[in-house]
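What follows is each chain in one-letter form.
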Amino acid sequence: MVMKALSSVLCPQTSSVFVWTARGCTQTIILEAAMLSYMQQHRQTAPWASEAGGQLFGLIDDNAIRVIRATGPYVSDERSRYHYRSNSASAQCAIEAQAQAGLLYLGEWHSHAEDHPNESDLDKDAMSRLMANSKLNCNALLLLIVGRISGPEGLAIISVAPDKVRRWYLSMSNPMM
């Protein structure tokens, strides 16, 4: 599967990235360090910490999905230790603002209270419903889950297309890419 953008945009250069691959997919997912650092601030490291989350934005070409920015969480989100739901009005405002900045909506992110996070059936179902009920600029959505462990080792990435859910794996950390 190749995630296709309905608009074409140039990718900026970055100084530090993390590259992810999936079996049977020719594209890579590139997570920029600044975006990853932002999400790491919302890890559930305390026993009372609630899930946090938001939206992912970036650029797509035939070779790569570059995740540049994460937004959220928002004050009006539904949050508990094991549940997160983004406020739809706040999420839509973020999507529109990032589109004005030239970035595509790529999917969602949220935290889990586990070291090495795994997507739940509820996560996959929510992403499938989002995919089915949204007007999108691409043919799949990403879900990035932030676990308690810092850095890319504490992340899970899945892509959800109408016919397939795919898990992605860290293949390279390149501080000079």
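Refer to the structure presented above.
Throughout what follows, the structure given in this document is the object of discussion. (Residues numbered from 1 in each chain as written. Predicted model: local features only at pLDDT ≥ 70, side-chain atom pairs only at ≥ 80, totals over all residues. Heavy atoms only, no water.)

Turning next to the overall build of the protein. Of regular secondary structure, the protein possesses three helices and ten strands. Listing every helix and strand of the protein by position from the N terminus yields β-β-α-β-β-β-β-α-β-α-β-β-β. Burial analysis of the protein (177 residues in total) assigns 49% to the buried set. For the protein, the proportion of contacts with a sequence separation of at least 24, taken over those separated by at least 6, is 70%. Of the roughly 8,800 Å² of accessible surface on the protein, a fraction of 53% belongs to carbon and sulfur atoms. (Helix = DSSP H or I, 4+ residues; strand = E, 2+ residues; numbered from the N terminus. Buried < 20%, exposed > 50% of the residue type's maximum accessible area, 1.4 Å probe, protein only. Contact = heavy atoms within 4.5 Å. Areas by Shrake-Rupley, 256 points an atom, 1.4 Å probe, with all protein chains shown as cover.)

Our focus in this paragraph is the pairing of strand 2 (residues 28-32). Among the five residues that make up strand 2, five are buried, leaving the element largely enclosed by the rest of the structure. The alternating pattern of strand 2 places Thr28, Ile30 and Glu32 on one face and Ile29 and Leu31 on the opposite face, and all of these are buried. Both strand 1 (residues 17-21) and strand 2 contribute to a ladder of four bridges, which runs antiparallel. Bridging across to strand 2, Trp20 finds its partner in Ile29. For strand 2 and strand 4 (residues 64-70), the ladder comprises four bridges, and the chain directions are parallel. Bridge pairing in strand 4 places Leu31 opposite Val67. (Pairing = 2+ DSSP bridges.)

This part is about helix 1 (residues 33-40). Residues spaced three or four apart along an α-helix face the same direction, because each turn holds 3.6 residues. Among all positions in helix 1, only Met35, Leu36, Met39 and Gln40 are buried. The arc that holds the buried residues of helix 1, viewed along the axis, is 140°, so those residues lie on one side. (Arc of directions from axis to C-beta.)

Once that is clear, we can look at the pattern of salt bridges. Going through the model one piece at a time under the given rule, you end up with five salt bridges. Across the pair Lys124 and Asp121 runs a salt bridge whose closest N-O atoms are separated by 3.7 Å. With Lys124 and Asp121 both in helix 3 (residues 121-133), this residue pair falls three residues apart, about one helical turn. Residue Lys124 is classed as partly exposed on the basis of its relative accessible area of 27%. (Salt bridge = Lys/Arg side-chain N within 4 Å of Asp/Glu carboxyl O.)

By the element assignment, Ser86 lies in the loop between strand 6 (83-85) and helix 2 (88-100). Take Ser86: its relative accessible area is 17%, and that puts it in the buried class. Other than its neighbours up to four places away in sequence, Ser86 contacts Gln55, Tyr74, Asp77, Ala91 and Glu108.

This paragraph deals with the nonpolar core. Membership of the largest hydrophobic core comes to 25 residues, with the highest contact counts inside it found for Ile29, Leu31, Met39, Leu56 and Leu144. Only strand 1, strand 2, helix 1, strand 3 (53-60), strand 4, strand 7 (104-111), strand 8 (141-146) and strand 9 (155-161) provide two or more residues apiece to this core. (Core = buried A, V, L, I, M, F, W, Y, C linked by side-chain atoms within 4.5 Å.)

Attention now moves to unusual backbone geometry. Residue Gly72 is joined to Pro73 through a cis peptide bond whose omega torsion reads -5°. Mapped onto the elements, Pro73 comes out in the loop between strand 4 and strand 5 (78-80).

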